[in-house]
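Structure at a glance
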Amino acid sequence: MIIQTWSDIMAGKLYGIGVGPGDTGLMTLRAKEILDKCDIIGYPVKNLGEGSVALDIIKPAVDISGKEIVEFLFSMNPDDSVREKCRAEAMDRMCGLLDQGKDIAMVTLGDVGVYSTYMYIDGAIKARGYETEVVPGIPSFCHGAAVAGLPLMIGNEGLAVVPVAKENSKLLDSALENFDNVVVMKAFKSIGMIADLMASKGIDISCATVISNVGMEGEYVGPMVVDREYGYFTTVLIKKKVN
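Residues numbered from 1 in each chain as written. Predicted model: local features only at pLDDT ≥ 70, side-chain atom pairs only at ≥ 80, totals over all residues. Heavy atoms only, no water.

1. Quick notes on the overall build of the chain
Along its length, the chain carries seven helices and 10 strands. Buried positions account for 45% of the 243 residues belonging to the chain. Partitioning the contacts of the chain with sequence separation of at least 6, the portion at a separation of at least 24 is 69%. Averaging the coordinates of the 23 positive side-chain charges in the chain and doing the same for the 32 negative ones gives two points 2 Å apart. (Helix = DSSP H or I, 4+ residues; strand = E, 2+ residues; numbered from the N terminus. Buried < 20%, exposed > 50% of the residue type's maximum accessible area, 1.4 Å probe, protein only. Contact = heavy atoms within 4.5 Å. Lys, Arg positive; Asp, Glu negative; His and termini not counted. Charge placed at Lys NZ, Arg CZ, Asp CG, Glu CD.)

Okay, structure coming up:
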């Protein structure tokens, strides 16, 4: 009789999977391959039980019926200590599952390297001695630019990708001053502020294209209309030059 001990079990591997901007058809073959083979599909949430758009994206292409589906809480509390404690607890939970020899695929919208919760933990999990892998996906602004038929940059033009918030207006101001093309992410509550900043720099509002809920219900890709309501996943592409 062979007795298996915990030391005989090889630890699982953690994958950060970018599943694309919303359309299941834009998920990569590599992402599907890993999702098909992993024991656990995880997803980050700000509040327990709120569900996951990233999980919904993969369902038409991946059979999840025999998999363990796990939500990992990542608080957005403004207190740094609260966020760090929550993150540490999520990582402890992940490591416990990895120690059971289970592979975990952590799904995230768009590309893993673009404002993704996963990248807060990849290095820390690796530092604990576990194997990790990052699988890129198509970012929403790339998809939106393609739908709009616009190049993100062409020739020798530059591109800046910035988040927008009241405390980041200086960052956007600098980007508009120094780059031919600017992608403004997390913009759904800040359209008016973006329009005002563009006007202050003599940039016509027609230079802006709004990319909202691309690949999802309520998709809008078109001119910036200041008094229009946009979805949560809203990005603005500003092109100072007409190509």
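This is not the end of the story, as more comes after the structure.
2. Some words on the sheet that holds strand S7 (residues 181-185)
Sheets are built from strands that pair by backbone hydrogen bonding, the pairs being arranged parallel or antiparallel. In spatial order, the strands read S6-S7-S10-S8-S9; together these five strands make up an open sheet with mixed pairing. Taken across any chain shown, the strands that pair with only one partner, and hence form the sheet edges, are strand S6 (159-163) and strand S9 (220-223). Here the strands of the sheet are splayed against their neighbours by 15 degrees on average, with no regard to which way each runs. Bridge count between strand S8 (residues 208-212) and strand S10 (residues 234-239): five bridges; the pairing is antiparallel. Within S10, the residue paired with Thr-209 across the bridge is Leu-237. (Pairing = 2+ DSSP bridges. Axes fitted to C-alpha atoms, helices over the stretch in contact; angles between N-to-C directions.)

3. Digging into the environment of Arg-83
Structurally, Arg-83 can be placed in helix H3 (residues 80-98). Owing to a relative accessible area of 24%, Arg-83 belongs among the partly exposed residues under this scheme. Residues within four places of Arg-83 in sequence aside, it is in contact with Ser-75, Met-76, Asn-77 and Pro-78.

4. Quick word on the nonpolar core
Leu-172, Val-184, Ile-194, Met-198, Met-224, Val-236 and Ile-238 are the most contacted members of the largest nonpolar core, which has 23 residues in total. Contributions of two or more residues to this core are made by S6, helix H6 (169-178), S7, helix H7 (191-200), S8 and S10. Residue contributions to this core peak at five residues, all from H7. Not counting chain neighbours up to four residues away, the residues in contact with Val-184 comprise Val-162, Val-164, Leu-172, Ile-194, Thr-234, Thr-235, Val-236 and Ile-238. Ile-17, Ile-34, Val-62 and Ile-64 belong to the second-largest nonpolar core, a separate cluster that totals 20 residues. (Core = buried A, V, L, I, M, F, W, Y, C linked by side-chain atoms within 4.5 Å.)

5. Some details on the pattern of salt bridges
All told, the structure shown has 14 salt bridges when counted by the stated rule. Lys-59 is the partner of Asp-56 in a salt bridge, and the nearest nitrogen-oxygen pair spans 3.5 Å. Of the residues examined, Asp-56 reaches a relative accessible area of 47% and is grouped as partly exposed. Given the relative accessible area of 41%, Lys-59 is considered partly exposed. A salt bridge links Glu-68 to Lys-102, with the shortest nitrogen-to-oxygen separation between them at 3.2 Å. Residue Glu-68 is found in strand S3 (residues 68-73), and its partner Lys-102 is found in the loop between H3 and strand S4 (104-108); the two are separated by 34 residues along the sequence. (Salt bridge = Lys/Arg side-chain N within 4 Å of Asp/Glu carboxyl O.)

6. So, the layout of surface pockets
The calculated volume of the largest pocket comes to roughly 1900 Å³. Taken together, 49 residues make up the lining of the largest pocket; nearest its centre are Lys-46, Met-76, Tyr-115, Lys-186 and Tyr-232. Elements with a contribution of two residues or more to the lining of the largest pocket: strand S2 (40-45), helix H2 (53-58), H3, S4 and S10. Looking at side-chain class alone, the lining of the largest pocket contains 25 nonpolar, 15 polar and nine charged residues. (1 Å grid on protein atoms, 1.4 Å probe; cavity = no way out; pocket = protein on both sides within 12 Å on 5 of 7 lines; lining within 4 Å. Points joined across faces, edges and corners; volume = space filled by probe spheres on them. Nonpolar A, V, L, I, M, F, W, Y, C, P; charged D, E, K, R; others polar.)

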